[in-house]
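Tertiary structure, described
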Amino acid sequence: MQTLVQLMYPPRCLSCGGLVETDFGLCSACWRDTPFIAGLSCDQCGVPLPGQSDRIEHCDECLTVERPWSRGRAAIEYKDKGRRLVLAFKRGDRQDIAKPAAKWMARVTRGLVQDDMIIVPVPLHLHRHLSRRYNQSALLAEALAHELDLDWCPDALQRPRPTPTLDGKSPSERFETVSGRITVSADREELLRDRPVLIVDDVLTSGATLSAASEACWAAGASQVFVSVMARVAKGP
């Protein structure tokens, strides 16, 4: 039966739709052209850094902007095919991208895992959740929890009030817009108290949303806060 299904519906590349050997994969050309983050990267935001180092390094942005989380990782850069994959997943109803993206995230995030760690996704406001029909960060969080064998909670964080879109806003405007807009659900505070928390989101741009989520986790009594994202927006040279 499985052979028959594969003959009728052969595996397709997540990006271009070409034939591949296994489900949820990229063809060789798309794999080559997807900007995976490997090698030296910022220990707080995951952005790729030039050169090599045997020490923990930070990018210029993380040296000037105080991050309320301890360490962070990103799987791909938000550009070219990486950007197209994120947008297809986030706005194109391509929920099938969550599992392979979580595998990419697990590769770079495994070193952050702590005992008794719990994964929580960045939340959507109810209205946006209903209009989109799914929370892409929650799909990533669930798949990443499976890859890392960790607990996760889909509704630990909440957005009681809607947040205006951050597109087109400056970094300072982004931070002001989301400040205090993310909280921990009252019935989930015990779940986070005295535990290391890994916050999952699809894209890290300025870090404003992840900062608001991190501050909410600290307020709930988390022992440590880390972040992991599918993609990191990197400034050009």
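Located above this text is the structure these notes cover.
One structure accompanies this document, and this report is about it. All of these numbers come straight from a predicted model, not from anything done at the bench.

1. What to know about helix 10 (residues 208-219)
An ideal rise of 1.5 Å per residue puts 16 Å on twelve residues; helix 10 measures up with 17 Å between its terminal C-alpha atoms. With respect to burial, helix 10 is a largely interior element, nine of its twelve residues being buried. Buried residues of helix 10: Ala-208, Thr-209, Leu-210, Ser-211, Ala-212, Ala-213, Ser-214, Ala-216 and Cys-217, and no others. Positive phi shows up at Gly-221, right after helix 10, with a value of about 100°.

2. Things to note about the pairing of strand 7 (residues 224-232)
Burial analysis of strand 7 places eight of its nine residues in the buried class, which makes it a mostly covered element. In terms of strand pairing, strand 1 (residues 71-77) meets strand 7 through six bridges, oriented parallel. Across the sheet, residue Arg-73 finds its bridge partner in strand 7, namely Ser-228. By the bridge criterion, eight bridges tie strand 6 (residues 196-204) to strand 7 in an arrangement that is parallel. Note that in strand 7 the partner of Val-197 across the bridge is Val-225. Of the crossover connections in this fold, the one passing from strand 6 over helix 10 to the parallel strand 7 is right-handed.

3. Here's the deal with the side chain of Arg-181
Inspection of the secondary structure assignment puts Arg-181 in the loop between helix 8 (171-178) and strand 5 (183-184). The charged side chain of Arg-181 is buried without a salt bridge, its nearest counter-charge being Glu-176 at 9.3 Å.

4. Quick notes on the sheet that holds strand 3 (residues 151-152)
Within a sheet, neighbouring strands are paired by backbone hydrogen bonds and run either parallel or antiparallel to one another. In spatial order, the strands read 1-7-6-2-3; together these five strands make up an open sheet with parallel pairing. The strands lining the two open edges of the sheet, one partner per strand, are strand 1 and strand 3. Sheet topology places strand 2 (residues 118-121) next to strand 3; two bridges connect them, and they run parallel. Within the sheet, the bridge partner assigned to Ile-119 lies in strand 3 and is Trp-152. Together, strand 1, strand 6 and strand 7 form the strand contacts of helix 5 (residues 98-109), whose direction differs from that of strand 1 by roughly 135°. In the packing of helix 7 (residues 136-148) onto the sheet, the strands contacted are strand 2, strand 3, strand 6 and strand 7, and the crossing angle to strand 6 comes to about 130°.

5. What about unusual backbone geometry?
Located in the positive-phi region is Asp-93, a residue other than glycine, with phi close to 60°. Topologically, Asp-93 is positioned in the loop between helix 4 (80-91) and helix 5. Residue Asp-149 is not a glycine yet carries a positive backbone phi of 55°. Along the chain, Asp-149 turns up in the loop between helix 7 and strand 3. The exposure class assigned to Asp-149 is exposed, which follows from its relative accessible area of 70%.

Definitions and limits used
Residues numbered from 1 in each chain as written. Predicted model: local features only at pLDDT ≥ 70, side-chain atom pairs only at ≥ 80, totals over all residues. Heavy atoms only, no water. Helix = DSSP H or I, 4+ residues; strand = E, 2+ residues; numbered from the N terminus. Expected span 1.5 Å × (residues − 1). Buried < 20%, exposed > 50% of the residue type's maximum accessible area, 1.4 Å probe, protein only. Pairing = 2+ DSSP bridges. Right-handed = clockwise from strand over helix to strand, strands pointing away. Lys, Arg positive; Asp, Glu negative; His and termini not counted. Salt bridge = Lys/Arg side-chain N within 4 Å of Asp/Glu carboxyl O. Contact = heavy atoms within 4.5 Å. Axes fitted to C-alpha atoms, helices over the stretch in contact; angles between N-to-C directions.

None of the figures reported here should be taken as evidence of function without further support.
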